[in-house]
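# Coordinate inspection notes
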Amino acid sequence: MTDLGLRFVRRPGPGGRAANLAALGATAIVALLVTFLIAGSLGLTHRSDRIGWRSTDDGDAKTAVGVVNQIDDMAGGVPLNRYDVAINNPAKSAKLPPPPGLPRAPQPGEVFVSPEVAKHWSADLSKRFKVDKPTGTISEKGLSSADEWVVIHGVEKNSPGVAAADNPKYLDSWRGTALDERMAILLLLVAFGITLVLFPLLSLVGQAAGVAAKRREHRLAALRLAGATRSQVLWLSAVEQAVLGVLGAIAGVIGYIVLTPLIARIPLGGGTWYVHDLTPSWWVVLIVLIAVPLLSVLSALIGLGRVSITPLGVVRGQTRKATSALRLGLLVIGPVMLAILGLGGAVIPLLIGIGMAALAVRVVGPFAVQVIGKFMARTAKGPVALLAGRRLADDPKGAFRPVAALVLSGFVTGFLALFMPYGMSQDGKDVSFELYTKQGQAVVVAEDAKKRLQEAGFKSEVTTGDQTVNISVSTTDREKVRTVLYDVVPGKVPLTAAEKDKQDAGMYQDLRLGVALLLGLVFVTGAASTAAGAVGTALDQAGPARALRRSGVPLSVIERSARLAAVVPVIGVGLPVVGFGAMCGLALSGGQVITQGSSGVVLLGAQVVIGLVLVAVAGAAGAPVLRKASIG
């Protein structure tokens, strides 16, 4: 049986080559996307590990080797992360490895900068840090990204910002690995993304495995009737599918490795990636090369369960069992879980709730197709609608399978449309600097600021509040003014409201880009599944199409009915699923639409357009296969 399975791969027979190529391509895309998800998640942890010491707070005030305080800064109009670091215990520090990327722990007055800051070092930065040039450059071992703008500034013990009263972070060593806040949010987004894209991916795996299910059913059923045992039939199918799965997985991994330099250019998490962060290790490659073919084989065997039990029913074309309306009950579980948990719920239960909602779509989809098909068949006024309706009603699972990933992408789109972050409002004004002071210090700080600005030749207007000082200067050169006022409040950097918005905008950009990447993965999955499904459906319908052509039905009618049967599930099921996804999003947010601006509406509109285009393209791809396979 092993030799026979290998022979079927080499010589697949009529229509088999198209089916094998479609299965191979779909499996390769699954392997590529799975590798991307795993390698991307690990890449985020690698980035976080290199900079984790900056946000680690694992030391005791009495025994800590040092303290660190993060300050939002600006340089040349670009947000800059400045870290004031003080050595609390020099003897302990001398025995410990230095911070990642640095030759030693920074001494008071030393300034280590990232390569990007070194490139843009200016006279203003020299005046602020009181050095002509940086003490050294931080290597990539201490950076999240090559694009990162960061300054490690050594200060005296108990200086403003690192004194006990300022609640700094105490470090037990210079190699802490606390999860960086920005990376933590991105990892959480990845977890939600994997949950949302999981079912489209599994659907694509099933589509790849079942692309030639009908052809394989009849071939294996004939072998059963000729005396082959159930185990022999299943082993034969497993060998054939395993070969295609392994070849597809290898192609997918190679494709990902080739695309890695391009993927590394995605500016996520504050900058582009080092290629080695995204390069999959040997064990990741091994997992993909085992998991993807294994899932493919399991999907194929599950789909052939009917052959192994009732081969005669397959040969006779016995009608499949209708789906039950009890499936509708699954639509309640996911939204109820999300409504109960809310946005403040634990991550794992939330992921389970979202997964249950997506699973409900996958399970209820065939029932909805069956209902639509019966309605079309009863109300048809022409042969095209009648043939399409009967196709949907007789085999709702087979009709839904090619568009399952696309319909599931509608659920993802509807869900994300309520959470698509538009970005910062940008209401902050760039006309005045705002400084926060300690209680009772506002007047002193204001007088000092007036004096400095006057000596530097700037005309200014300074007003005070309870603990705030607002400084308006008649110049557009913010950097020179910031340099004059740099330490007017020790441990604080003067920023305008617009500059503070720019500091906070990075996370919104990450979220927007993350959502865009997630939707890109879903759409790629949907496109691959739809294309493979078109080929599979064409081969699946070859027998009925051949019989219809022999009875005198024009080929154009057959092709139009096939296209209609492909479009109806997308419109009739996909559009309600978009609404179901939006309902789940509302349930999670407590009825609050979090999307700002028109992003959500644009997202929903784009989903509908892309879905119809994909179905049209898939129909065009499947038409030649159906035309050729129905000859005879």
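Above this text sits the structure in question.
On to the overall build of the protein, then. Summing up its helical and strand segments, the protein has 23 helices and 10 strands in all. Relative to its full complement of 632 residues, the protein shows a buried share of 49%. For the protein, the share of sequence-separated contacts (at least 6 apart) that also reach a separation of at least 24 residues comes to 81%. Surface accessibility of the protein: about 28200 Å² in total, with carbon and sulfur atoms responsible for 63%.

So, about the sheet that holds strand E10 (residues 495-496). Across the sheet, 4 strands lie side by side as E8-E9-E7-E10; this open sheet has antiparallel pairing. Looking along the sheet, the strands with just one partner apiece sit at the ends: strand E8 (460-464) and E10. By the bridge criterion, 2 bridges tie strand E7 (residues 432-436) to E10 in an arrangement that is antiparallel. Looking across to E10, one finds that Glu 434 is bridged to Leu 495.

What follows deals with the packing of helix H14 (residues 347-379) against helix H22 (residues 555-589). Interaxial distance between H14 and H22 falls to 9 Å at its minimum, and their mutual angle equals 145 degrees. Classified by chirality, the crossing of H22 by H14 is right-handed. Contacts between H14 and H22 involve Leu 350, Ala 357, Val 361, Gly 365, Ala 368, Val 369, Ile 372 and Met 376 on the former and, on the latter, Leu 564, Val 568, Pro 569, Gly 572, Val 573, Val 577, Phe 580, Cys 584 and Leu 588. In terms of residue class, the contact of H14 with H22 is built from 15 nonpolar, 2 polar and no charged.

With 12 residues, helix H13 (residues 330-341) should cover 16 Å at 1.5 Å per step; its first-to-last C-alpha distance of 18 Å lies within 8% of that length. Those residues of H13 not exposed but buried are Gly 334, Pro 335 and Leu 338. Looking down the long axis of H13, one finds its buried residues gathered within 85 degrees of arc, a one-sided arrangement. Of the surrounding elements, those touching the buried residues of H13 are H14, helix H17 (404-417) and H22. Looking one or two residues beyond H13, the residue adopting positive phi is Gly 342, at roughly 70 degrees.

Spatial ordering of the open sheet is given by E4-E3-E5-E2-E1-E6, a layout of 6 strands whose pairing is mixed. The sheet terminates laterally at strand E4 (136-137) and strand E6 (169-171), the two strands that pair on one side only. The pairing of strand E2 (residues 78-87) with strand E5 (residues 150-154) spans 5 bridges and is parallel. Within E5, the residue paired with Asn 81 across the bridge is Val 150.

Criteria and thresholds
Residues numbered from 1 in each chain as written. Predicted model: local features only at pLDDT ≥ 70, side-chain atom pairs only at ≥ 80, totals over all residues. Heavy atoms only, no water. Helix = DSSP H or I, 4+ residues; strand = E, 2+ residues; numbered from the N terminus. Buried < 20%, exposed > 50% of the residue type's maximum accessible area, 1.4 Å probe, protein only. Contact = heavy atoms within 4.5 Å. Areas by Shrake-Rupley, 256 points an atom, 1.4 Å probe, with all protein chains shown as cover. Pairing = 2+ DSSP bridges. Axes fitted to C-alpha atoms, helices over the stretch in contact; angles between N-to-C directions. Left-handed = near helix turned anticlockwise from the far one by under 90°. Nonpolar A, V, L, I, M, F, W, Y, C, P; charged D, E, K, R; others polar. Expected span 1.5 Å × (residues − 1). Arc of directions from axis to C-beta.

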